[in-house]
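# Results of the structural survey
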Amino acid sequence: MSTTLGEMRLELDDIQSGALYPRPSPYVGTYLLLRIDDRQAGRELVRRLQPLVGSGRTAPTPSAEAWITVAFTYNGLKAVGVPQDSLDSFAPEFRQGMAAGATQLGDVGDSALEYW
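A quick note: this is a predicted structure, and the numbers were derived from the prediction, not measured.

Another point: the overall build of the protein. Tallying secondary structure elements over the protein gives five helices and two strands in all. Seen in sequence order, the protein has helices and strands lined up from the N terminus as β-β-α-α-α-α-α. Within the protein, the proportion of its 116 residues that are buried is 15%. By sequence separation, contacts in the protein at least 24 residues apart represent 49% of the contacts at least 6 residues apart.

Structure follows, in structure tokens:
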């Protein structure tokens, strides 16, 4: 399914709903950070999560208790075996990671990397 916004065409099946719709209010979020050490286990986790992640096709309903959004770092994508030519297509800032831009993002002092 796709939709057109001005001159842009969005493939809604490829966009997680959390990126397109406002969060409910009040909002409570839980963030789980995982490191993938085993490629096959990481790929299996992605396979099992896929049916649970809402796409942009439909808005999350206000009555829903929760929904899942998944994000990967460059190294996470590499760990699950994304081909190098695809990895090379990302912007340098994404490939370098958040730590490389910590000063520019204001992650200094109490927000510095060592406190993450």
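That shown, we press on.
Bringing the side chain of Asp-107 into the picture now. With respect to the helices and strands, Asp-107 occurs in the segment after helix H5 (102–105). When sequence neighbours within four positions are dropped, the list of residues in contact with Asp-107 reads Ala-102, Ala-112, Leu-113 and Trp-116.

It is worth spelling out a nonpolar patch on the surface at this point. Taken together, the side chains of Met-98, Leu-105, Leu-113 and Trp-116 make up a nonpolar region of the molecular surface, amounting to roughly 450 Å² of accessible area. Take Leu-113: its relative accessible area is 37%, and that puts it in the partly exposed class.

Turning to the pattern of salt bridges, a few remarks are in order. For the structure shown, the criterion picks out three salt bridges. Arg-35 is paired through a salt bridge with Asp-37; the nearest N and O atoms lie 2.8 Å apart. The same class applies to Arg-35 and to Asp-37, which are both exposed. One salt bridge in this structure joins Arg-47 and Glu-44, with 2.6 Å as the shortest N-O distance. With Arg-47 and Glu-44 both in helix H1 (residues 39–49), this residue pair falls three residues apart, about one helical turn.

Turning our attention to the environment of Val-80. As for its position among the elements, Val-80 is in the loop between helix H2 (74–79) and helix H3 (84–87). Taking the C-alpha atoms as reference points, Val-80 and Gly-42, 38 residues apart in sequence, are found 5.7 Å from one another. Contact partners of Val-80, with chain neighbours within four places excluded, come to Ile-36, Arg-39, Gly-42, Arg-43 and Phe-72.

Basis of the calculations
Residues numbered from 1 in each chain as written. Predicted model: local features only at pLDDT ≥ 70, side-chain atom pairs only at ≥ 80, totals over all residues. Heavy atoms only, no water. Helix = DSSP H or I, 4+ residues; strand = E, 2+ residues; numbered from the N terminus. Buried < 20%, exposed > 50% of the residue type's maximum accessible area, 1.4 Å probe, protein only. Contact = heavy atoms within 4.5 Å. Patch = residues over 30% accessible without salt bridge, like charges linked within 9 Å, V, L, I, M, F, W, Y side chains within 5 Å. Areas by Shrake-Rupley, 256 points an atom, 1.4 Å probe, with all protein chains shown as cover. Salt bridge = Lys/Arg side-chain N within 4 Å of Asp/Glu carboxyl O.

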